[in-house]
Amino acid sequence: MAEKGFNAYHMAQTQFDNVAEKLEMDQAVRALLREPLREYHFLIPVRMDDGAFRIFKGFRVQHNDARGPCKGGIRFHPQETADTVRALAMWMTWKCAVADIPLGGGKGGVICDPHDLSMREQEALCRGWVRQIYLNVGPVQDVPAPDVMTSGQHMLWMLDEYERLSGGKYPGFITGKPVGMGGSLGRTEATGYGVIYHTREALKDIEMDISKTTAAVQGFGNVAQYLIELYNQYGGKVRSVSCWDQQEKKAFTFIKKEGVNLPMLRGITDRFGSINRTKAKDLGYEITAGEEWIDQNVDILFPAALENSITGTNVESISKQVKLIAEGANGPTTPEADTVINGRKITLIPDFLANAGGVTCSYFEQVQSNMNYFWSRDEVLGKLDEKMTMAFHAVLDLSKHRDVPLRESAYMIAISRVAEACHMRGWV
Ligand code: NAD
């Protein structure tokens, strides 16, 4: 699905350069912020179940920590590249800054396909990742979290390895831990719910009643399922979801005009977010090609699967009915597609604002872990709603003030805050 020659890091740098130019930022700050401060590449040998060794490639990129310890997920993905991790680390810096939490930006990854690994092999990979990097990560340096194809179980194995090596208990080392083991209530749903808090505020601004809107969702993993859950609670109707089919090695779209039934779809979905097609057909879903998620006649599009999904090639197929796009995934829209979307006056809530609920709740988890005192789910989600609503309105106000799209005003706010922290520390 990647456009020929597409490079997420180049895209992130181009976005940064454009904003730096508009902010008339000095050259030293630009040079400091357009690349990661530090990055680590390492090999992880794992003894496989058949007794043979396999060598995996791991990464950790720390883009900037002027506002606090780096924060960012660890992805397990067969097509992982150093440049993808760099781009995602940079977006984490902006995300923490736009959400106004005291953290910097990092990201990690391993080139692997967990579908092909047993649980024991995945555990060995998690422990191996920590062994290679533990001196350079930790509660006051860089705090990892789950991301694509990693879960609370992976985080716990990593925490256990970190604590073995460090000789103490450091629940604030990692977030996304299972509840009862240092995890926060509300963390599982935080990213998806956060997307909907922003969506609710954006719809108010364009004077649309959320309970009368319809949507199409790309993805059916963690982010997608919880955004659908809260969107449904507000009365919104999801007409289609699309997801990856691991056996067929391609994506499919599952359509139900009267609205998908979330609990039923969840019941026929595996742990990687792939929906069983035979069972879906029996439940009356129309099943079409994965790419068709984008041309549904709905009010809202939620790209919540992978980067590089709305491109110059498919942007024209977005229906005239679409008034809002809320980017649950990281980097789903290319700059070329962005131009078309802005030209059509579709409101677009940019990724690092729309999906900042996850990192904000991770920050809450860190605070709770460090205090060893845990809040109720309502308290966590209440604080999350407040933080997301404030972040959204700051971005909306600047966007109106400067007459620029939300992506641009969100970048302006985030980059200015990070640049200011670098200045105040005397770095540049
Ligand atoms: P996940 O692994 O739980 O789910 C991914 C989903 O995408 C699965 O349903 C999979 O079938 C689907 N998918 C994969 N390729 C597809 C394709 N070509 N077409 C359609 N569907 C496809 O991952 P997630 O945690 O939900 O993350 C999704 C996105 O959100 C990623 O970009 C991630 O970086 C971003 N994100 C996640 C979090 C979080 O807290 N989980 C936070 C911020 C951002």
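What you see is a predicted model, and the numbers here were worked out from it, not measured in a lab.

S.K.: So what's going on with the packing of aromatic side chains? Which residues, and what values?
M.R.: Applying the stated criterion across every chain, the model contains ten aromatic pairs. Consider the rings of Tyr134 and Tyr162, whose centres lie 6.5 Å apart with planes at 75°: the pair is edge-to-face. Residue Tyr134 is located in the loop between α4 (119-133) and β5 (142-146), and its partner Tyr162 is located in helix α5 (residues 152-166); the two are separated by 28 residues in the primary sequence. Look at Tyr134 and you get partly exposed, because its relative accessible area is 25%. With a relative accessible area of 8%, Tyr162 lands in the buried category. Of the aromatic side chains, those joined through ring pairs into one cluster are Tyr134, Tyr162, Tyr170 and Phe173. Above the face of the Tyr9 ring, Arg86 is positioned so that its terminal group lies 5.7 Å from the ring centre. In this arrangement the basic side chain of Arg266 is found over the ring face of Tyr226, its NZ or CZ atom lying 4.9 Å from the centre.

S.K.: Tell me about the pairing of strand β2 (residues 53-64), and please be specific about residues and values.
M.R.: It is a general feature of regular strands that their side chains alternate between the two faces of the sheet. With ten bridges connecting them, strand β1 (residues 38-47) and β2 associate as antiparallel partners. Within β2, the residue paired with Val46 across the bridge is Arg54. Here β1 hands over to β2 after five residues, with Gly51 in that stretch at a positive phi of 95°. Relative to strand β4 (residues 104-111), β2 is paired through six bridges, and the arrangement is antiparallel. From the neighbouring strand, Arg60 faces β4, where its bridge partner is Gly108.

S.K.: Which residues make up a nonpolar patch on the surface, and what are the values?
M.R.: Residues Leu37, Trp427 and Val428 make up a contiguous nonpolar surface patch of roughly 230 Å² in combined accessible area. Within the secondary structure, Trp427 is located in the segment after α14 (406-425).

S.K.: Describe the site of the ligand, listing the residues and the values that go with them.
M.R.: Not every one of the 26 residues close to the ligand is listed here, only the nearest: Thr191, Phe220, Val223, Trp244 and Gly273. Within the backbone of Ala305, one N or O atom sits 3.4 Å away from an oxygen atom of the ligand. Here the ligand loses 90% of its free accessible area of 840 Å² to cover by the protein chains. Looking at side-chain class alone, the shell around the ligand contains 13 nonpolar, ten polar and three charged residues. Composition of the shell around the ligand by domain shows at least three residues from each of domain 1 (36-170) and domain 2 (188-349).

S.K.: Please provide a residue-by-residue account of the domain arrangement of the chain, values included.
M.R.: Taken domain by domain, the chain consists of domain 1 (36-170) and domain 2 (188-349). Every contact between the two is made by 13 residues of domain 1 and, on the other side, seven residues of domain 2. Both faces considered, domain 1 and domain 2 share a buried interface measuring about 780 Å² in area, 55% of it formed by carbon and sulfur atoms. Arg75 is the partner of Glu307 in a salt bridge, and the nearest nitrogen-oxygen pair spans 3.7 Å.

S.K.: Please set out helix α1 (residues 8-22) residue by residue, giving values where relevant.
M.R.: With 15 residues, α1 ought to run about 21 Å at 1.5 Å a step, and its terminal C-alpha atoms sit 22 Å apart, in line with that. Of the residues that open α1, the one with a side-chain oxygen 2.8 Å from the backbone nitrogen of Tyr9 is Asn7. Following α1 by one or two positions, Glu24 adopts a phi angle in the positive range, close to 50°.

S.K.: So, a negative patch on the surface: which residues are in play, and what are the values?
M.R.: Together, Glu286, Glu291, Glu292 and Asp295 make up a region of like negative charge exposed at the surface. Summarising the element assignment, Glu291 is placed in the loop between β9 (286-289) and β10 (300-303). With a relative accessible area of 58%, Glu291 lands in the exposed category.

S.K.: So what about the packing of helix α13 (residues 377-402) against α14? Which residues, and what values?
M.R.: Put simply, α13 and α14 touch, their axes get as near as 8 Å, and they point 110° apart. When the interaxial angle is binned, α13 and α14 end up roughly perpendicular. Two packed elements cross with a definite hand, and for α13 against α14 that hand is right-handed. Here Phe392, Ala394, Val395, Leu396, Leu398, Ser399 and Arg402 of α13 lie close against α14, whose contacting residues are Leu406, Ser409, Ala410, Met412 and Ile413. Residues that form the contact of α13 with α14 fall into these classes: nine nonpolar, two polar and one charged.

S.K.: Describe the pattern of salt bridges, and please don't skip the residues or the numbers.
M.R.: The final tally for this structure, using the stated rule, is 32 salt bridges. Among the salt bridges present, the one from Arg60 reaches Asp142, with a minimum N-O distance of 2.7 Å. Here Arg60, found in strand β2, pairs with Asp142, found in strand β5; they are 82 residues apart in sequence, far enough to count as distant. Residue Arg60 is classed as buried on the basis of its relative accessible area of 0%. The salt bridge involving Arg86 is made with Asp83; its shortest N-O contact spans 2.4 Å. Here Asp83 and Arg86 lie together in helix α3 (residues 82-98), a separation of three residues that amounts to about one turn. Among the residues examined, Asp83 registers a relative accessible area of 19% and is labelled buried. Because the salt bridges share partners, they merge into one network encompassing Glu123, Arg127, Arg131, Asp160, Glu161 and Arg164.

Definitions and limits used
- Residues numbered from 1 in each chain as written.
- Predicted model: local features only at pLDDT ≥ 70, side-chain atom pairs only at ≥ 80, totals over all residues.
- Heavy atoms only, no water.
- Phe/Tyr/Trp six-rings, centres within 6.5 Å; stacked < 30°, edge-to-face > 60°.
- Helix = DSSP H or I, 4+ residues; strand = E, 2+ residues; numbered from the N terminus.
- Buried < 20%, exposed > 50% of the residue type's maximum accessible area, 1.4 Å probe, protein only.
- Lys NZ or Arg CZ within 6 Å of the ring centre and 35° of its normal.
- Pairing = 2+ DSSP bridges.
- Patch = residues over 30% accessible without salt bridge, like charges linked within 9 Å, V, L, I, M, F, W, Y side chains within 5 Å.
- Areas by Shrake-Rupley, 256 points an atom, 1.4 Å probe, with all protein chains shown as cover.
- Salt bridge = Lys/Arg side-chain N within 4 Å of Asp/Glu carboxyl O.
- Near = heavy atom within 4 Å.
- Polar contact = N/O pair within 3.5 Å; in protein donor to acceptor, adjacent residues only side chain to side chain.
- Nonpolar A, V, L, I, M, F, W, Y, C, P; charged D, E, K, R; others polar.
- Domains from an automatic or database assignment.
- Contact = heavy atoms within 4.5 Å.
- Buried area = accessible area lost by both parts, 1.4 Å probe.
- Expected span 1.5 Å × (residues − 1).
- Lys, Arg positive; Asp, Glu negative; His and termini not counted.
- Charge placed at Lys NZ, Arg CZ, Asp CG, Glu CD.
- Axes fitted to C-alpha atoms, helices over the stretch in contact; angles between N-to-C directions.
- Parallel < 35°, antiparallel > 145°, perpendicular 65-115°, else oblique.
- Left-handed = near helix turned anticlockwise from the far one by under 90°.

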